[in-house]
Amino acid sequence: PGHQARSSMLAEGLILMTASLRRSQGEDASPSGRQYADRALEIIRARCGERLTAASLAAALHIHPSYLHKLFRKHTGQTIGGAIRSVRMEAARQLLAQTRQSLPDIACAVGIANTESFTRLFRRSYGQSPIEYRSSLS
């Protein structure tokens, strides 16, 4: 019994030392909630033109979608769907300002299936249509 207790204490000490060493080297064994939320935002920004869902983001991060929803809301103050829409609309705003691409092309580039949905989302986000926005820049 004494030998088992010492072995258990030794193993526990090694685990704690290893965790402490990883933390001091910035290699925490499991990412924090903030890191998951930040990484999800990076993926959204990098792939805003693709079909994105909470499930696809969670799969890329190797966590459960409901856990990602919870972490994302806690650390960003917004839903995953809201973040996807915001990133898409910001990308669309930049394309409208910096290119002469057509509305259907911009909608497609930011992952929105049709021009009507794109125009509705843009108006809801910025208070004007994409055409009005582009015209206001000249």
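See the structure printed just above.
Not measured: the values here are computed from a predicted model.

Participant: Just checking my understanding: could you explain the overall build of the protein chain for this structure?
Facilitator: The secondary structure content of the protein chain amounts to eight helices and zero strands. For the protein chain, the N- to C-terminal ordering of α and β elements is α-α-α-α-α-α-α-α. The buried share of the protein chain, taken over its 138 residues, is 29%. Accessible area for the protein chain stands at about 9000 Å²; split by element, carbon and sulfur atoms hold 54% of it.

Participant: What is the right way to read the pattern of salt bridges from this model?
Facilitator: Between side chains of opposite charge, a pair can form as their charged atoms come close. Enumeration according to the criterion identifies five salt bridges in this entry. Salt-bridge contacts for E42 lead to R39; the nearest nitrogen and oxygen are separated by 3.1 Å. Within this pair, E42 and its partner R39 are both found in helix α2 (residues 33–46), separated by three residues, close to a single helical turn. The exposure class of E42 is partly exposed, given its relative accessible area of 43%. Using a relative accessible area of 40% as the deciding quantity, one classes R39 as partly exposed. With its nearest N and O atoms 3.6 Å apart, the salt bridge here joins R123 to E132. Here R123 falls in the partly exposed class, since its relative accessible area comes to 41%.

Participant: Just to check I follow, could you spell out helix α4 (residues 65–76) for this structure?
Facilitator: Because an α-helix completes one turn every 3.6 residues, residues spaced three or four positions apart along the sequence face the same direction. The terminal C-alpha atoms of α4, which comprises twelve residues, lie 16 Å apart, in line with the 16 Å expected from a rise of 1.5 Å per residue. Of the residues making up α4, those classed as buried are L68, L71 and F72. Buried residues of α4 fall within an arc of 100 degrees about the axis and therefore sit on the same side. What points out from α4, more than 90 degrees from its buried face, is the exposed set K70 and K74. Summarising the contacts, the buried residues of α4 are in contact with α2, α3 (54–61) and α5 (80–98). G77, located one to two residues past α4, shows a positive phi value of around 80 degrees.

Participant: Explanation requested: the packing of α2 against α5 in the structure shown.
Facilitator: Relative placement of two packed helices is described by the angle separating their axes and the distance separating the axes. Look at α2 against α5: their axes get within 9 Å of each other, and the N-to-C directions meet at 40 degrees. What the angle tells us is that α2 and α5 run oblique. The hand of the α2/α5 crossing is right-handed. Contacts between α2 and α5 involve L41, I44 and R45 from the former and A83, I84 and V87 from the latter.

Parameters at a glance
Residues numbered from 1 in each chain as written. Predicted model: local features only at pLDDT ≥ 70, side-chain atom pairs only at ≥ 80, totals over all residues. Heavy atoms only, no water. Helix = DSSP H or I, 4+ residues; strand = E, 2+ residues; numbered from the N terminus. Buried < 20%, exposed > 50% of the residue type's maximum accessible area, 1.4 Å probe, protein only. Areas by Shrake-Rupley, 256 points an atom, 1.4 Å probe, with all protein chains shown as cover. Salt bridge = Lys/Arg side-chain N within 4 Å of Asp/Glu carboxyl O. Expected span 1.5 Å × (residues − 1). Arc of directions from axis to C-beta. Contact = heavy atoms within 4.5 Å. Axes fitted to C-alpha atoms, helices over the stretch in contact; angles between N-to-C directions. Parallel < 35°, antiparallel > 145°, perpendicular 65-115°, else oblique. Left-handed = near helix turned anticlockwise from the far one by under 90°.

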